[in-house]
Each structure stands twice: as structure tokens, then as C-alpha cells.
Amino acid sequence: MKIYLCGPDETLSQALSNVMKNDPDERTFTLDEEKDRCYIGDEVFSTAPVIINKNNQYYAVREV
């Protein structure tokens, strides 16, 4: 699992774009701001390929 830390003014869309741009396997991911919010200890937190951290809120991306 990788964790991507958002910059102070970065949106989740920009973060997702940066995650895909820098993925060594050139995978495509999707993110729903409501459905994909997760917490430490959630199963999705431990199984997601990438977690985006924005203002101490965690979002699990899903591979398309």
C-alpha cells in the first residue's frame, strides 16, 4: 500500500491525477469522495492500492 499526502491547496481530483501519473504500473484509479472515505483499521484501508490523505481524512482509491 502507498499513501499519498495532499498538498495544502490540492483537491482530491488533483491528488488522484497525480497518483495515476506517478503509478509505475500505469494503472487507472477512481475515487468517490463519499463512498471511498475510510478509517485506519477498516479492511479497505489495509487492502487499497493507494490511500490519499487530505487534511487527516483518508480515501481509498479503487483500480478501474
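Our structure's up above, just so we're on the same page.
Residues numbered from 1 in each chain as written. Predicted model: local features only at pLDDT ≥ 70, side-chain atom pairs only at ≥ 80, totals over all residues. Heavy atoms only, no water.

### Digging into the pairing of strand S4 (residues 50–54)
In step 1: Of all five residues making up S4, five are buried, and the element is well covered by its neighbours.
In step 2: Residues Val50, Ile52 and Lys54 line one face of S4 and the alternating positions Ile51 and Asn53 line the opposite face, and both faces are buried.
In step 3: Looking at chain direction, strand S1 (residues 2–5) and S4 are connected through four bridges and run parallel. Counterpart to Lys2 in the pairing with S4 is Val50.
In step 4: Between the end of S4 and the start of strand S5 (residues 57–60), which pair antiparallel, lie two residues, with Asn55 showing a positive phi angle near 55°. (Buried < 20%, exposed > 50% of the residue type's maximum accessible area, 1.4 Å probe, protein only. Helix = DSSP H or I, 4+ residues; strand = E, 2+ residues; numbered from the N terminus. Pairing = 2+ DSSP bridges.)

### Description of a nonpolar patch on the surface
In step 1: A cluster of nonpolar side chains, contributed by Met1, Ile3 and Leu5, occupies part of the molecular surface with about 340 Å² of accessible area.
In step 2: With respect to the element layout, Met1 can be found in the segment before S1. (Patch = residues over 30% accessible without salt bridge, like charges linked within 9 Å, V, L, I, M, F, W, Y side chains within 5 Å. Areas by Shrake-Rupley, 256 points an atom, 1.4 Å probe, with all protein chains shown as cover. Salt bridge = Lys/Arg side-chain N within 4 Å of Asp/Glu carboxyl O.)

### So, the environment of Ser46
In step 1: As for its placement among the helices and strands, Ser46 is situated in helix H2 (residues 43–47).
In step 2: Its relative accessible area of 51% is what places Ser46 among the exposed residues.
In step 3: Separated by 14 residues in the primary sequence, Ser46 and Ala60 have C-alpha atoms spaced 9.2 Å apart.
In step 4: Side-chain polar atoms of Ser46 contact the backbone oxygen of Glu43, separated by 2.9 Å. (Polar contact = N/O pair within 3.5 Å; in protein donor to acceptor, adjacent residues only side chain to side chain.)

### A few points about the nonpolar core
In step 1: Grouped together as the largest cluster of nonpolar side chains are 11 residues: Cys6, Leu12, Ala15, Leu16, Val19, Phe29, Leu31, Val50, Ile52, Tyr59 and Val61.
In step 2: Of the residues forming this core, the biggest block, four residues, is contributed by helix H1 (residues 12–21).
In step 3: Ignoring sequence-local partners within four residues, the contact set of Leu12 consists of Leu31, Glu33, Ile52, Lys54 and Tyr59.
In step 4: Counting residues in each nonpolar core, the second largest holds six residues, with Cys38, Ile51, Tyr58 and Ala60 among its members. (Core = buried A, V, L, I, M, F, W, Y, C linked by side-chain atoms within 4.5 Å. Contact = heavy atoms within 4.5 Å.)

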